[in-house]
Every structure is written in structure tokens, then in C-alpha cells.
Amino acid sequence: MMSNIKYKIVKKFSQLTLKSMHYLPTGGKSFPGYLFLKYAGRENLPQLADEQIAIGSILLTGTNGKTTTTTMAIDLLNRDMNLSTSVDNNTIYALTTGILENKSELGVFEYGIRDIEHGEPDNVQRLVSPIGVTYTNISREHTQVLGVKKSFEDYVKAKTLLSEAMDKGVVITNCDDPNTAYIGLNKEKDVHVNYYGFELDFLEDIFESPVVKCPNCGKQLTYVKYYMNQRGIYSCDCGFKRPEPDIKLTRFETQDDKWLITIEGRVYNYIIDKDLDINVTMTVPMLGIHNLYNILCSTAVYATFTNEMENVNEKIEDYFNQLDFTILPPGRFEIFEVDGKLVGIGQGDNGDALKVNALLMDLYSEGDVEFIYNTPDEYEDDVFEDHKVAIRGLNPVSLIVVPGRVSVTKAQEYYNQIKDEYDSKFIPVEYDFEKRINNLIKLIKHSKYNYILVSGCGEEQLVWDEVKRRLKEEYSNQ
Ligand SMILES: [Zn+2]
């Protein structure tokens, strides 16, 4: 243990660098945390967290939806408590920066973990000692880390380690996803577990059903319902089955250009050490069906950790009723009219993301859909395999394939693998954003179809946002 005086100096110095963060290059937001850990030492992180955060910290992790869910949870909890936060970070340095930034009642931190080596989930658990760990989902995307292929088992293990040694607090986890449900089941003996999931009869995945292995015994799971990819209602011969959700989405209806949703249940609240009843109905913009999980998860986090029990339901409704698209990351998928045609356009760079885009397009189209597919890059054959399932589910009447990332040769290779299944063509465009933007706009304008999906891999801000912006500018007044 370092001397108390030195610790205080390092803490002060690290905090001072917070003010200059804006002037530092990308990654600057990790810098104060980096300084603290380097000079005060990691073993002093628990002391820092204790001094800065009165009640404790919550960490949010998973494959999809971390950033949106964390942002929503922060917005909700911010109404009742002072928070320390960090969004969109994957290192212990950014997390420590969030702890240094201000004194607060509660810490809410996104914590993405790609693998055990880089994410050090066991160390983070030990040093931060969270009172809450939240899981969104764990799917097979992103299993490649810095070019090295990691097994899915290792990936699940890395996520599991973030809560494995917890002996107080609450695990909040998605029970529709077998891997995150299994983490919850194994923690029931140590801590409270709040499960969230869907209870919707009509919602059913339109895609080829994935084969999902039981996390307990390795045999294939039996599904009575797939909501989205591996998420659904499942069971196994070994006795493992989907746990009942404590809080669930029970209604989802389209109402004009909004969605009407109901979330209800009974959630264990850590602060009062009692169950809290939740029953809310609200209208949200059509953010994409996967975002319903983000809304449900952030509601569960809020209900578990708010310290103001008065009007909890009203506060949740009030927040989500005012929600708009700015909550979503750049490059997000949206559907709008271009010259009398309905165009769905935006990022879909993993299998899950492309499926939800295709699903949304399917929901809004009343005729044949043309798909302008932007391919992944070299070494992304896994992503392409998942994309193929999404394309088959959509079954476009016309398929136009364009390079989405750097390699045009690889794009053609992908095209060759699917060209015979559809009425298709390949348009090679070199790696030049202006040329690619113009090509996409031209294809949309010249399309003879009324419903056009433009998705796959691409630069979020430089391509997707730019294509959307120019189309809207040109056609907004018609
Ligand atoms: Zn099993």
C-alpha cells in the first residue's frame, strides 16, 4: 500500500488532467485513469472507488446494445441520483477516468469485453467490486480480436468472469439468451438475479433458426420460440431451461409512426432491499426491434438501483415517451421516403445487426424488396456467413452487391458465393468514400423497386450518415 500522501497527490494530479482532456487526441478520455493506475497503482483503485462513489458501481456488458442501454440507464438514474459514468469504453483506464471525474452516489459504466487478456474482467470485478453487473446478450459476432480468432467459449468465459466472484449486489441478465441466462442461474446462490425477457406471442424470427448449444451440457437446445437469433424460449434434456423473467415486455404494437409498448414485472431493488412493482406503457419511436431489449434492460437497471421509489413508473414512462432517435449511435438504420420509394438505410456490420434491419424493412414493405448489400472485408468470412442468413430471410427480388469495406477483390469473392441464389449483380467501386456515396445514391435513384434496403458493412459517419443526409436534403421538400 502506498503512502497516503503520495496517493492523494496522484489522485489530485490525475483529476487535474481531466480538464485538459478535450485537447488530447482520441483516447484522451482514458488518460487520467491511465495516470492514476500507473502512478497510484491498481491496488489503490478500490480505495478511489470507495472515496468517490457512495453506494457502489454498476457495470454493463454484452455483445450488442451496450452503449444504447448504458445511455438509457444513465438518463433514467440521473433523474434521481448523482452519477459517475463512462460510456463506450473497453478499458480499465476509461473506467477509472469515470471514477475520478466526480464524487457521486452511484457509478454506471459500460464495460465491453472482447477477451480475457484485453478486458481483464476478473481484475475489474476484484478492483471495482460492482454492486451490479448487467448483461445484454452474448452472440457470436466479434469473436475476432485484433485479427486473432477466439473461440466462442472463451468469449462467453470472459463475460462470465465480470460477475463470477460477486458476493453482493444484483446480476441483471437477459433470460431469452441462453448464455446470459446461464450466467444468472449460476449466480443465484450468491446474489440477487433480476431476469428480463420478452413475453410476446406474435413476434417470431423470420430467419433460418440457428443451432444453439446448451451452455450447461453442450447438447443442442430445443426452442419453442425464437425472438431474435439465439434469443427465445428454449430448454434442454439436462434440465437447463429459460428462467422466468422478473420483468418483461408484454406488448408491442405499431401505432402510426410510433411503437406502443408495455413493460411489467416485479424487480428486486438493491437500495431498499425489497421488490418493486413495475407497470409502464409508453410510445417510443421505431428504433428497431433489438432496441426493445435495450429499453427493457435499462428499465430493469433503473428499477433495481433507483433510490427514489416515488413515482417510479411515471418517471420511466416520462423518459421513454420523450425518447428520440438521437439516443442511437451514428450510422443507425432508418427508413424514409425517396422519390416515392421507401428506403431503409444504415449500418448492419454483424449478423445480428443486418437481421434486425432486414426485419424492420420486411415489416414496412408491402411488395418486392431490392437489397443493395455492402460486403464485409477480408478475414470477415464469419460475418459474411451470418449475413447470408439475413439475406435468405429477406429473400430480395433483386440483389446488388457492392464493396462495403476496403477490399474490392474480396467483395467480388463474396458475391460469387451468393450470386446464383438471386437475381443479382456486382458493382465494383474502389475504396473512395465520395465514389461509394455517389454510387449508392445513384443505385437508389435508378432502382425500379418501391422498397429498397441498403445495408451491410460501411463507414458509419463517412458513408451511411452522408448518404442519408444527401438524400434527405434532396427529397425532404417533396
Ligand atoms: Zn443441456
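All of the points below concern the structure found in this document.

What counts, and where the lines are drawn
- Residues numbered from 1 in each chain as written.
- Predicted model: local features only at pLDDT ≥ 70, side-chain atom pairs only at ≥ 80, totals over all residues.
- Heavy atoms only, no water.
- Helix = DSSP H or I, 4+ residues; strand = E, 2+ residues; numbered from the N terminus.
- Rg over C-alpha atoms; globule rule 2.2 N^0.38 Å.
- Buried < 20%, exposed > 50% of the residue type's maximum accessible area, 1.4 Å probe, protein only.
- Contact = heavy atoms within 4.5 Å.
- 1 Å grid on protein atoms, 1.4 Å probe; cavity = no way out; pocket = protein on both sides within 12 Å on 5 of 7 lines; lining within 4 Å.
- Points joined across faces, edges and corners; volume = space filled by probe spheres on them.
- Lys, Arg positive; Asp, Glu negative; His and termini not counted.
- Salt bridge = Lys/Arg side-chain N within 4 Å of Asp/Glu carboxyl O.
- Polar contact = N/O pair within 3.5 Å; in protein donor to acceptor, adjacent residues only side chain to side chain.
- Donors = N, O, S within 2.8 Å, 3.2 Å for Na, K, Ca; no water.
- Tetrahedral: all angles 85-135°; square planar, octahedral: opposite > 155°, others 65-115°.
- Axes fitted to C-alpha atoms, helices over the stretch in contact; angles between N-to-C directions.
- Parallel < 35°, antiparallel > 145°, perpendicular 65-115°, else oblique.
- Nonpolar A, V, L, I, M, F, W, Y, C, P; charged D, E, K, R; others polar.

The next thing to look at is the overall build of the protein chain. For the protein chain, the helix and strand inventory stands at 16 helices and 19 strands. Against the compact-globule benchmark of 23 Å for 478 residues, the protein chain has a radius of gyration of 23 Å, which places it among compact chains. Here the protein chain holds 478 residues, and 58% of them are scored as buried. When contacts within the protein chain are restricted to residue pairs at least 6 apart in sequence, long-range pairs at least 24 apart make up 71% of them.

All chains considered together, the criterion is met by one cavity of 30 Å³ or more. Its volume calculated, the largest cavity comes out at about 100 Å³. If you go around the largest cavity, you meet 14 residues; those closest to its centre are Asn 374, Pro 403, Gly 404, Arg 436 and Leu 440. Among the elements of the structure, α15 (433-446) and α16 (460-475) are those that each provide at least two residues to the lining of the largest cavity.

Attention now goes to the environment of Ile 289. Within the secondary structure, Ile 289 is located in the loop between β13 (274-285) and α10 (290-305). Classification of Ile 289 as buried rests on a relative accessible area of 5%. Ignoring anything within four residues of it in the chain, the contact list for Ile 289 reads Leu 203, Met 228, Phe 252, Trp 259 and Leu 359.

Next up on the list: the side chain of Glu 370. Mapped onto the fold, Glu 370 is located in strand β16 (residues 369-374). Buried charge without a partner: Glu 370 forms no salt bridge, and the closest opposite charge is Lys 425, 6.5 Å away. Reaching out from Glu 370, the side chain makes a polar contact with the side chain of Ser 398 at a distance of 2.7 Å. Among residues more than four places away in sequence, those in contact with Glu 370 are Ser 398, Ile 400, Ser 447, Tyr 449, Tyr 451, Ile 452 and Leu 453.

It is worth spelling out the coordination of the zinc ion at this point. Bound to the zinc ion on the protein side are Cys 214 (SG), Cys 217 (SG), Cys 236 (SG) and Cys 238 (SG), at distances that span 2.2 to 2.3 Å. Each of the four donor atoms around the zinc ion contributes to a set of angles spanning 101 to 115 degrees, which defines the coordination as tetrahedral. One chain supplies every donor to the zinc ion, and in sequence these donors are spaced C-x2-C-x18-C-x1-C. Of the residues examined, Cys 214 reaches a relative accessible area of 4% and is grouped as buried. In this structure Cys 217 comes out as partly exposed when scored by relative accessible area, which is 35%.

Axis separation between helix α2 (residues 31-39) and helix α5 (residues 92-101) bottoms out at 7 Å; the angle between their running directions is 95 degrees. In terms of orientation, α2 lies roughly perpendicular with respect to α5. Across the interface between the two elements, Phe 31, Pro 32, Gly 33, Tyr 34, Phe 36 and Leu 37 from α2 touch Ile 92, Tyr 93, Thr 96, Thr 97 and Leu 100 from α5. Split into classes, the residues belonging to the contact of α2 with α5 amount to eight nonpolar, three polar and no charged.

Under the definition given, this model contains 30 salt bridges. Lys 472 is paired through a salt bridge with Glu 334; the nearest N and O atoms lie 3.0 Å apart. Here Lys 472, found in helix α16, pairs with Glu 334, found in strand β14 (residues 334-338); they are 138 residues apart in sequence, far enough to count as distant. Judged by its relative accessible area of 14%, Glu 334 falls in the buried class. Residue Glu 421 pairs with Arg 392 through a salt bridge whose shortest N-O separation is 3.2 Å. Placement of Glu 421 in the loop between α14 (408-418) and β18 (424-426) and of Arg 392 in helix α13 (residues 381-394) is noted, with a sequence separation of 29 residues between them. Taking the relative accessible area as the measure of exposure, Glu 421 reaches 40% and is therefore partly exposed. A relative accessible area of 35% means that Arg 392 is categorised as partly exposed. Among the ionic contacts, a cluster of salt bridges with common partners joins Arg 332, Glu 334, Asp 465, Lys 468 and Lys 472.

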